[in-house]
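Examining the three-dimensional arrangement
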Amino acid sequence: MREHFSLREFSGSLGDIGTLVPILISLTVQGSASLTSSLFFGGLWNILTGFYYGIPMCVQPMKSIAAIALTNKFTPGELAGAGLGVSAIVFFLGISRLLWLITRFVPLPVVKGLQLGTCFQLCSKAVALVKTNASFWGDSIIWSDNLWWACSSFLLVLFVYERRRVPVAMVIFMLGVIFALAQTGTHHQFNKVHPGGHFVHAVVPTAKEFRTGFLSAGLGQLPLTLLNSVVALAALSRDLFPGYNPSMSHITTSIGVMNLVGCFLGSMPFCHGSGGLAGQYFFGARTELSLYFLGTIKIIIGVVFGESLLTILKWFPKSFLGVMMFTASIELGLVARNFTLHPEDESRRRRDFVIVLSTAAALVGFSHDGLGFLVGMATALIFWIHRQYYLSETTSGAHTLLPTSSGSSTPLKTAGVAAATALPDEAATDDGFSGDRDGAHGRLDRARQAMDSCC
């Protein structure tokens, strides 16, 4: 293991920071989640995940829940209710091995519509953050937080967009931390930052908070978690680490345990994810050491400084935070371009795109994942009935999230392969991804593609 102690592993551990940091800061500053709990349990899950899986299996926020929580200003109980509800169902599907029911009957365009709607929600929140101190000049301009910094950081992101090895999110984050420290000192607020033992506290949602959180945010997160955090993740793990074959039941159980414990104690909801794994791999992570490093840093910061860090984070430039969140949300929305299983059929593509737009529009319009999911499912069902009745398309599984062959006795294996084929230029095989499975360059190219188009 000693030969893996390298700067590359450190760089890889920060591969998903562009998504984690803006969501963590926004939820904790808003008061929806505990900073101490989120850092402590996020770090703990990093370490335990690395120990159990032995690969850089990322731990990332549940983006759909975060988007609705930020838009609707969730209370801690409502955020906990969303996370607990999703994790309980995911945990049950894992231990009962009924995962195939969800992946079989939820159409792919509905999932893509939920991702697109979540993208728009996060983009809206990001723009609102930038507009908080929207000044180029005048008496109201703040030297550390203005439109000059927002435009500069966004141009920097665009300039290095195709150069994924440049840790632009880390650069923007560190600059924001420096500005926040400077403003904290200017306003003589360092006395409010108290190093010492900080501890987590239980959050017990009321029946109303649980219902609101789960129905408005958790229901729409469920298919995204099962597809991205379980099925596609298992397939991508097999491809990036030849010979490694993770169990989807173990992954679902892991996600369930993380949130049944963490959300009850005030943490924001976490999951695994194929995009996060691809990002960490692309930036250099090859072993669990990257997770040990990241997890240790999170735990130390959470326990030593805890909620008192909010004094500093409140001065973190909204311009930087908005740009980071906007960029992360755009990356999420990009995956919606692979919205159909029938790219050669223009009629099916058009109908599938209608489902995507209906789902996304309902989610954004109502600020409610559950209604977006139901509208998408109803639209897909109507099109399916129309196709069965008028076009006599009776092929088994003609419009499902993950196609299965009629004679297959292993639907989960087929599902795992199909989920991974969000990569637009590669066709799936029974073993995962097509193409050369040997060689670091081939796996690195697939990680880069996975970051662009995985579910």
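As for helix 12 (residues 274–282)
- The element helix 12 is largely enclosed, with a buried count of 8 among its 9 residues.
- Along helix 12, the residues that are buried comprise Ser 274, Gly 276, Leu 277, Ala 278, Gly 279, Gln 280, Tyr 281 and Phe 282.
- Gly 284 occupies a position one or two residues after helix 12 and carries a positive phi of about 125°.

Description of the pattern of salt bridges
- Counted according to the given criterion, the structure contains 1 salt bridge.
- Here Arg 349 makes a salt bridge to Glu 346, at a shortest N to O gap of 3.9 Å. With a gap of 3 residues between them, Arg 349 and Glu 346 both fall in helix 16 (residues 346–366), about one helical turn apart.
- A relative accessible area of 28% means that Arg 349 is categorised as partly exposed.

Some remarks on the nonpolar core
- Within the largest apolar cluster, 86 residues are counted, with the highest numbers of intra-cluster contacts made by Leu 27, Ile 255 and Met 268.
- Among all residues touching Leu 27, those that are not within four sequence positions of it are Ser 32, Ala 33, Ala 66, Ala 69, Leu 70 and Met 268.
- Within the second largest apolar cluster, 5 residues are counted, among which are Leu 116, Ala 336, Phe 339 and Ala 360.

Here we look at the confidence of the model for the protein
- Averaged over the protein, the pLDDT score is 81; the fraction of residues at 70 or greater is 83%.
- Across residues 401–437, confidence stays below pLDDT 50; counting only partners more than four residues off in sequence or on other chains, it has 74 contacts.

Considerations on unusual backbone geometry
- Phi is positive for His 188, close to 55°, though the residue is something other than glycine.
- Among the structural elements, His 188 can be located in the loop between helix 9 (168–186) and helix 10 (207–240).
- A positive phi angle, close to 50°, is found at Ser 367, a residue other than glycine.
- You can see Ser 367 is positioned in the loop between helix 16 and helix 17 (369–390).

Some remarks on the packing of aromatic side chains
- The full count for this structure, using the stated rule, is 14 aromatic pairs.
- Plain terms: the ring middles of Phe 136 and Trp 137 are 5.8 Å apart, the flat faces sit at 35° to each other, and that makes the pair tilted.
- Relative to Phe 326, the ring of Phe 154 has its centre 5.8 Å away and its plane inclined at 80°; by these criteria the two rings are edge-to-face. Taken together, the residues Phe 154 in helix 8 (residues 147–159) and Phe 326 in helix 15 (residues 318–334) connect sequence positions 172 residues apart.
- On the basis of relative accessibility, which here comes to 30%, the residue Phe 154 falls in the partly exposed class.
- One aromatic cluster in this structure is built from Trp 143, Trp 149, Phe 179 and Phe 320.
- It is Arg 286 that lies over the ring of Tyr 281; its NZ or CZ is 3.8 Å from the centre.

Brief notes about the environment of Trp 137
- Within the fold, Trp 137 resides in the loop between helix 7 (108–131) and helix 8.
- Residue Trp 137 is classed as exposed on the basis of its relative accessible area of 65%.
- Trp 137 sits 10 residues away from Leu 147 along the chain, and the two C-alpha atoms are 9.0 Å apart.

Focus: the environment of Leu 93
- Mapped onto the fold, Leu 93 is located in helix 5 (residues 76–96).
- Distance from Leu 93 to Thr 252, taken between C-alpha atoms, is 7.3 Å for residues 159 residues apart in sequence.
- Excluding its chain neighbours within four sequence positions, the residues that come into contact with Leu 93 are Leu 98, Leu 99, Ile 102 and Leu 226.

Some remarks on helix 7
- In this model, helix 7 (24 residues) spans 35 Å end to end at C-alpha, consistent with the 34 Å of a helix rising 1.5 Å per residue.
- In terms of residue burial, helix 7 counts as a mostly covered element, since 19 of its 24 residues are buried.

Reading the values: rules and limits
- Residues numbered from 1 in each chain as written.
- Predicted model: local features only at pLDDT ≥ 70, side-chain atom pairs only at ≥ 80, totals over all residues.
- Heavy atoms only, no water.
- Buried < 20%, exposed > 50% of the residue type's maximum accessible area, 1.4 Å probe, protein only.
- Helix = DSSP H or I, 4+ residues; strand = E, 2+ residues; numbered from the N terminus.
- Salt bridge = Lys/Arg side-chain N within 4 Å of Asp/Glu carboxyl O.
- Core = buried A, V, L, I, M, F, W, Y, C linked by side-chain atoms within 4.5 Å.
- Contact = heavy atoms within 4.5 Å.
- pLDDT = per-residue confidence, 0-100.
- Phe/Tyr/Trp six-rings, centres within 6.5 Å; stacked < 30°, edge-to-face > 60°.
- Lys NZ or Arg CZ within 6 Å of the ring centre and 35° of its normal.
- Expected span 1.5 Å × (residues − 1).

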